[in-house]
2 protein chains.
Amino acid sequence: MERKKVTLQDIAKALNITPSAVSKALSDHPRMSQKTKDAVNKMAEELNYKPNQIAAALRSGQSKLIGVIVPAANISFFSSVIRGIEETVNKAGYSVILTQSDDSVKKEKDIINTLLATRVDGVIAALGLKTKKYQHFEKLKEENVPLVFFDRIIKDFGVSTVEVDDYKGAYNAVSHLIEQGCKRIAHLAGHSHMELYKNRLKGYKSALRDASLPVEKELIIQSDLHLEDGRNGMLQLLAMKDRPDAIFCSSDYTAVGALQIAREQNIIVPDEVMIFGFSNEPFTSYLDPGISSVDQSSIIMGHTAGELVLEHIKSTNSDFTAKNIVLNPTLIIRNSSKNF
Amino acid sequence: MERKKVTLQDIAKALNITPSAVSKALSDHPRMSQKTKDAVNKMAEELNYKPNQIAAALRSGQSKLIGVIVPAANISFFSSVIRGIEETVNKAGYSVILTQSDDSVKKEKDIINTLLATRVDGVIAALGLKTKKYQHFEKLKEENVPLVFFDRIIKDFGVSTVEVDDYKGAYNAVSHLIEQGCKRIAHLAGHSHMELYKNRLKGYKSALRDASLPVEKELIIQSDLHLEDGRNGMLQLLAMKDRPDAIFCSSDYTAVGALQIAREQNIIVPDEVMIFGFSNEPFTSYLDPGISSVDQSSIIMGHTAGELVLEHIKSTNSDFTAKNIVLNPTLIIRNSSKNF
DNA sequence: CTGAAAGCGCTTACAG
DNA sequence: CTGAAAGCGCTTACAG
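Conventions adopted
Residues numbered from 1 in each chain as written. Chains lettered and ligands numbered in written order. Predicted model: local features only at pLDDT ≥ 70, side-chain atom pairs only at ≥ 80, totals over all residues. Heavy atoms only, no water. Salt bridge = Lys/Arg side-chain N within 4 Å of Asp/Glu carboxyl O. Helix = DSSP H or I, 4+ residues; strand = E, 2+ residues; numbered from the N terminus. Buried < 20%, exposed > 50% of the residue type's maximum accessible area, 1.4 Å probe, protein only. Domains from an automatic or database assignment. Pairing = 2+ DSSP bridges. Axes fitted to C-alpha atoms, helices over the stretch in contact; angles between N-to-C directions. Core = buried A, V, L, I, M, F, W, Y, C linked by side-chain atoms within 4.5 Å. Near = heavy atom within 4 Å. Polar contact = N/O pair within 3.5 Å; in protein donor to acceptor, adjacent residues only side chain to side chain. Nonpolar A, V, L, I, M, F, W, Y, C, P; charged D, E, K, R; others polar. Contact = heavy atoms within 4.5 Å. Buried area = accessible area lost by both parts, 1.4 Å probe.

## Notes on the pattern of salt bridges
Point 1. According to the stated counting rule, one finds 29 salt bridges over all chains in the structure shown.
Point 2. Residue Arg-263 of chain A is joined to Asp-288 of chain B by a salt bridge in which the shortest nitrogen-to-oxygen separation is 3.6 Å. Residue Arg-263 of chain A is found in helix α11 (residues 252–264), and its partner Asp-288 of chain B is found in the loop between α12 (283–286) and β10 (293–295); the two belong to separate chains.
Point 3. Judged by relative accessible area, Arg-263 of chain A falls into the partly exposed class, the value being 21%.

Now the structure itself:
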């Protein structure tokens, strides 16, 4: 039943020229007469010709496909980066293949095999939370597939990266809390095998030290940073004899969890305890009090990641040098950390 | 510099058999000796062979690619559906090409041309807000590309669809507000050329009528349903001499906007006015009061859309019949609509 | 400026 | 159970 697809050949026959001429005319080859180009384009229109990108990909070795790997597409930060990536690469004629690792190393490996089989022209990835070995990403390098890491990156892997300055974001956030008069600031931290959480922890500690405040181990609680982890962490902190007067969270979800517990225990935010999040998820502004957060300019991160991968694709092996772009974090101060 | 890729041919040569034998062995063809299969698999491993999906696609006519069209990937509802789609089709060996229309008809058209060129095996789409003509989607049908609409669907288009029962969701939500004692319920509605907003409006009206309450035009405000529209709508409603005692919003974003204005004007939700949203975006549960909403089971919608497109792909033209699946909405009652 | 020819790496009837 | 052969629909050096 399938209607026969119109091919280059059909256009060539109809115009009594060769397929090569048609191909060149369609791709607007410089050494082609305008007359032929016009005729070809007109006939292509008439016959309702749709180029077969698969055939072109096989022949040219360019699939015009970029693989994107995220832990989960429905986490707001990732979905925004995805949006940014798609916008940028789409303008350059590339499509995005979206994949999700669910923070599983096995899935990450499977995905990389699939992307390799699909012959994507490049890959943009945020590492899974549990990923501590990188052989599967090495495979991409071996096969010369341009690779860019964003947000959850590996240092010194020889590929371009884009991240927000997590150290600075954390340092500034904690310094802000100190300026508000907080003396005992807790940190709901992520696991420190991830560069970005390690850096946020460092920023937190430095800010305390620079203000001559002690760094207390019991005030630093590591977790997966889900909302539930925020609730648990907050319960733990509020159970202390000497309660903290501020909580710096490495994730907005964790910050919401902390806020919920505060509400449930009738502890007033920010009067009794201030809360600061990270990522500036849109919902932080919907809450009451709004949660202060560190903006990571996720859409810009997506644009940047897209540009980096396109650059790498266009470069020859010899002239390529990995770029490590660090975006500036912006503090978004809301009522959860304001002195009234 | 590009290392020569290992192909089927290389395996064939190494084993002194034909490429066809290798191909059959790799795809686990039933009429192939286990001995050959083992030898081929071992050699493939040894040579670090990566199948070329592009070549397979060209030859077999199956790209193993599913195009997904959403207005924006970073709207929580869509990102969840995308997550569901990816999970489902990935299990069946398909990859997702993610595209965004930005609610622009022109982009929708461009996307469809790209997907056609990429020879995707199927398309799953949510219509753009402004899309009122469907020739570009007709093209997919003409080319026999299986198509599934979700959420923002077209009726009687002859393709499978999956949606939530918007009429019922709205009817139940408004009925709930009436049970709470509300007598004057406003509706922040979407544009009614979209089936789903039309159905929510119908559900709203029916619920009022069934409770012998009047349907008042001035209480129905149409908009694009962004947060800002919720703020504006709420301002308009609160400016009335006879204020509504409840607002049923066709979007959670609009509901947040309404809630913000209430807060700013020191109007207590739910005591003075109740608020009900639609979509059950995660953030509705983070707010205080939590906003009641209609859950659309977005991940399940994604799974269903994925299954529908796979079914269509597997079917022959003769035995295919479009399915229209209507998921049951679930009311999630939070404090914004509870009588205390 | 245009054409002839080869080939990208697979899969799939067909034959035996 | 295995092989020989054709071909999917393009693009790209090469020649003229």
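After that view, the rundown keeps rolling.
## A look at the domain arrangement of chain A
Point 1. Taken as a whole, chain A is organised into domain 1 (8–51), domain 2 (64–164 + 298–327) and domain 3 (166–296 + 331–337).
Point 2. Computed from C-alpha coordinates alone, the two centres of domain 1 of chain A and domain 2 of chain A are separated by 36 Å.

## Focus on the sheet that holds strand β8 (residues 246–249) of chain B
Residue and element names in this part refer to chain B.
Point 1. Spatially, 4 strands are ordered β7-β6-β8-β9 in an open sheet, and the strand pairing comes out parallel. Looking at the sheet topology across the chains shown, the edges are occupied by β7 (220–222) and β9 (274–276). The average undirected angle you get between the axes of adjacent strands in this sheet is 15 degrees.
Point 2. Alignment of β8 against β9, held across 3 bridges, turns out to be parallel.

## A closer look at the pairing of strand β5 (residues 160–164) of chain A
A regular strand places its side chains on the two faces of the sheet in alternate fashion.
All names here are of chain A.
Point 1. Within β5, 5 of the 5 residues are buried, which leaves the element mostly enclosed by the surrounding structure.
Point 2. On β5, burial covers both faces: Ser-160, Val-162 and Val-164 on one face and Thr-161 and Glu-163 on the other are all buried.
Point 3. The sheet contact formed by strand β4 (residues 147–150) and β5 spans 3 bridges and is parallel. Bridge pairing in β5 places Phe-150 opposite Val-162.
Point 4. In this sheet, strand β11 (residues 324–327) lies alongside β5 in parallel orientation, the contact comprising 4 bridges. Its bridge partner lying in β11, Thr-161 is registered against Asn-324.

## As for the nonpolar core
The nonpolar side chains of a soluble globular protein tend to be buried with one another.
Point 1. Counting 139 residues, the largest nonpolar core has Phe-150, Ile-185 and Phe-248 of chain A together with Phe-150, Ile-185 and Phe-248 of chain B as its most contacted members.
Point 2. Of all hydrophobic cores here, the second largest spans 40 residues; its members include Ile-97 of chain A together with Leu-65, Ile-97 and Leu-147 of chain B.

## Observations concerning the protein's contact with DNA strand C
Point 1. In the vicinity of DNA strand C, 22 residues are found, and the nearest of them are Lys-24 and Arg-59 of chain A together with Leu-8, Ser-23 and Arg-59 of chain B.
Point 2. Among the atoms of DNA strand C close to the protein, meaning within 4 Å, 54% are from sugar or phosphate groups.
Point 3. At a separation of 3.1 Å, a base nitrogen of DNA strand C approaches a polar side-chain atom of Ser-20 of chain A.
Point 4. One of the backbone N or O atoms of Ala-55 of chain B is found 3.3 Å from a base nitrogen in DNA strand C.
Point 5. Counting only elements with at least two residues in the surface near DNA strand C, the list comes to α2 (19–26) and α4 (53–60) of chain A together with α2 (19–26) and α4 (53–60) of chain B.
Point 6. Top element by residues in the surface near DNA strand C is α4 of chain B. It accounts for 4 residues.
Point 7. Of the residues assigned to the surface near DNA strand C, the class counts are 8 nonpolar, 9 polar and 5 charged.

## Examining the interface of chain A and chain B
A common measure of how large an interface is: the accessible area buried when the components associate.
Point 1. Each partner contributes to the interface: chain A provides 54 residues, whereas chain B provides 54 residues.
Point 2. Buried area between chain A and chain B, summed over both chains or domains, comes out near 4,800 Å², and the portion from carbon and sulfur atoms is 53%.
Point 3. Taken as a group, Ile-54, Arg-119 and Tyr-286 of chain A account for 16% of the area that chain A buries against chain B, more than any other trio of residues on that side.
Point 4. On the surface where chain A and chain B come into contact, there are 4 salt bridges.
Point 5. Inspection of the chain A/chain B interface yields 16 residue pairs in polar contact (both at pLDDT 80 or more).
Point 6. Of all the secondary structure elements, the ones that give two or more residues to the side of chain A that touches chain B are α4, α5 (76–91), β2 (95–100), α6 (105–117), α7 (135–142) and α11 of chain A.
Point 7. Residue composition of the side of chain A that touches chain B, grouped by class: 23 nonpolar, 17 polar and 14 charged.
Point 8. Pairing of β2 of chain A with strand β2 (residues 95–100) of chain B, which is carried by 3 bridges, proceeds in the antiparallel orientation.

## Structural notes on the protein's contact with DNA strand D
Point 1. Neighbouring DNA strand D are 22 residues, the closest being Leu-8, Ser-23 and Arg-59 of chain A together with Lys-24 and Arg-59 of chain B.
Point 2. What you see for DNA strand D is that sugar and phosphate hold 54% of its atoms within 4 Å of the protein.
Point 3. A distance of 3.0 Å separates a phosphate oxygen of DNA strand D from a polar atom in the side chain of Tyr-49 of chain A.
Point 4. One nitrogen or oxygen atom from the side chain of Ser-33 of chain B is found 3.1 Å from a phosphate oxygen belonging to DNA strand D.
Point 5. The set of elements that each furnish at least two residues to the surface near DNA strand D consists of α2 and α4 of chain A together with α2 and α4 of chain B.
Point 6. Residue contributions to the surface near DNA strand D peak at 4 residues, all from α4 of chain A.

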